[in-house]
Amino acid sequence: MKFAVIVFPGSNCDDDMYYAIEETLGEEVEKVWYTETDISDYDAVLLPGGFSYGDYLRSGAIARFAPVMESVIDQAQRGKPVLGICNGFQVLLEARLLPGAMQFNKNLKFICRPTPLTVANADTMFTTEYEQGSTVTIPVAHGEGNYYCDDDTLEVLKQNDRIVFTYQDDINGSAAGIAGITNEKGNILGMMPHPERAVSDLLGSTDGRRLFQSMLKNWRETHVASS
């Protein structure tokens, strides 16, 4: 399986993402600069955290128009797995690949700490290695992680099991405690917590490892089925 880690000006978690894939999965992974226009050779697309374009205007608002995003959107629409973490989630929202928007944290402070999450849906291509309703500890690091959507959108997310992770504590004001959601097809996941920072005991948690393992397992199963 070949992963692309998209690098925007201001990304700062691309190395973390790269090594999470290389060391946790032992799979092929490459950094892809924001100026690229064709990423069709990759099997999965990863949008890392950071402060793309300095978070000017809104977090992710400028990155959404980077040249690479046209191909990201195309590959997402073709059903390839796309994972956006923190700033990557914000980019996916700005690109309208996921519904809703991000606001400043309710306390207007940057939050950076290990955070207990509930696995709200263990039946996605990103979460099959977790148990439904289980608690995982994955760090957060954001100032604009307060997820917002209107009531109708929230109801759609709930009714279609598209809420994948929720915060066990109200750390930022997110609607329904949402920490991560998928698109309707289930091949796009956006989440504010950083699973790539929870792949080793040295980092304090290995709970993020299973997310990447789930992606690889799904790809292998579908690859075998389609070959």
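Definitions and cut-offs
- Residues numbered from 1 in each chain as written.
- Predicted model: local features only at pLDDT ≥ 70, side-chain atom pairs only at ≥ 80, totals over all residues.
- Heavy atoms only, no water.
- Salt bridge = Lys/Arg side-chain N within 4 Å of Asp/Glu carboxyl O.
- Helix = DSSP H or I, 4+ residues; strand = E, 2+ residues; numbered from the N terminus.
- Buried < 20%, exposed > 50% of the residue type's maximum accessible area, 1.4 Å probe, protein only.
- UniProt positions renumbered as here; feature names shortened; annotations may be inferred.
- Contact = heavy atoms within 4.5 Å.
- Pairing = 2+ DSSP bridges.
- Axes fitted to C-alpha atoms, helices over the stretch in contact; angles between N-to-C directions.
- Core = buried A, V, L, I, M, F, W, Y, C linked by side-chain atoms within 4.5 Å.
- Patch = residues over 30% accessible without salt bridge, like charges linked within 9 Å, V, L, I, M, F, W, Y side chains within 5 Å.
- Areas by Shrake-Rupley, 256 points an atom, 1.4 Å probe, with all protein chains shown as cover.
- Lys, Arg positive; Asp, Glu negative; His and termini not counted.
- Charge placed at Lys NZ, Arg CZ, Asp CG, Glu CD.

Time to look at the pattern of salt bridges. Tallying each qualifying case throughout the model produces 9 salt bridges. In this structure, the salt-bridge partner of Asp 15 is Lys 31, at a minimum N-O distance of 2.2 Å. Residue Asp 15 is located in helix 1 (residues 14-25), and its partner Lys 31 is located in strand 2 (residues 28-33); the two are separated by 16 residues in the primary sequence. For Asp 15, a relative accessible area of 39% gives the class partly exposed. The exposure class assigned to Lys 31 is partly exposed, which follows from its relative accessible area of 40%. The partner of Asp 207 in a salt bridge is Arg 210, with the nearest N and O atoms 3.0 Å apart. For Asp 207, a relative accessible area of 16% corresponds to the buried category.

Moving on to the UniProt feature "active site" (unreviewed entry) in the protein chain. UniProt tags Cys 86, His 194 and Glu 196 as "active site" (unreviewed entry). Of the residues just listed, which span 111 residues, no C-alpha pair is farther apart than 11.0 Å, and they cluster in one region. Here Cys 86 lies in the loop between strand 4 (82-85) and helix 3 (87-94). Ignoring anything within four residues of it in the chain, the contact list for Cys 86 reads Gly 49, Ala 141, His 142, Met 191, Met 192 and His 194. On the secondary structure map, His 194 appears in the loop between strand 11 (188-191) and helix 5 (209-226). For His 194, a relative accessible area of 1% corresponds to the buried category. Among all residues touching His 194, those that are not within four sequence positions of it are Cys 13, Gly 49, Ile 85, Cys 86, Ile 138, Pro 139, Val 140 and Ala 141.

What follows covers the sheet that holds strand 7 (residues 135-142). As a general point, the strands of a sheet are linked pairwise by backbone hydrogen bonds and lie either parallel or antiparallel. With mixed pairing, 9 strands are arranged side by side in an open sheet as 2-1-3-4-11-10-9-6-7. Every other strand in the sheet has two partners, leaving strand 2 and strand 7 as the edge strands with one partner each. Taken pair by pair, the neighbouring strands of this sheet meet at an average axis angle of 20 degrees, ignoring direction. Where strand 1 (residues 2-7) and strand 3 (residues 44-47) come together, 3 bridges link them in parallel fashion. If you follow Ala 4 over to strand 3, its bridge partner there is Val 45. Helix 1 rests against strand 1, strand 2, strand 3 and strand 4 of the sheet, and its axis sits at about 165 degrees to strand 2. Sheet strands in contact with helix 2 (residues 68-77) are strand 1, strand 2, strand 3, strand 4 and strand 11, and its direction is about 130 degrees off that of strand 3.

A few words on the nonpolar core. Counting residues in hydrophobic clusters, the biggest one holds 69 residues, and the most contacted among them are Ile 6, Leu 47, Leu 83, Phe 165, Leu 211 and Phe 212. Looking at this core element by element, the count peaks at 5 residues for helix 2.

With that settled, the discussion passes to the pairing of strand 11. Burial of strand 11 is two-sided: the residues Ile 188 and Gly 190 facing one way and the residues Leu 189 and Met 191 facing the other way are all buried. Turn length for the strand 10 (residues 178-182)-strand 11 hairpin, with the two strands adjacent in sequence and antiparallel, is 5 residues, and the turn residue Gly 186 shows positive phi of about 90 degrees.

A cluster of like negative charges, contributed by Asp 150, Asp 151, Asp 152 and Glu 155, occupies part of the molecular surface. Structurally, Asp 151 is set in helix 4 (residues 151-159). For Asp 151, a relative accessible area of 65% puts it in the exposed group.

Another aspect to go through is unusual backbone geometry. Although it is not a glycine, Asp 55 adopts a positive phi angle of roughly 60 degrees. Relative to the elements of secondary structure, Asp 55 occurs in the loop between strand 3 and helix 2. Residue Cys 86 is not a glycine yet carries a positive backbone phi of 55 degrees.

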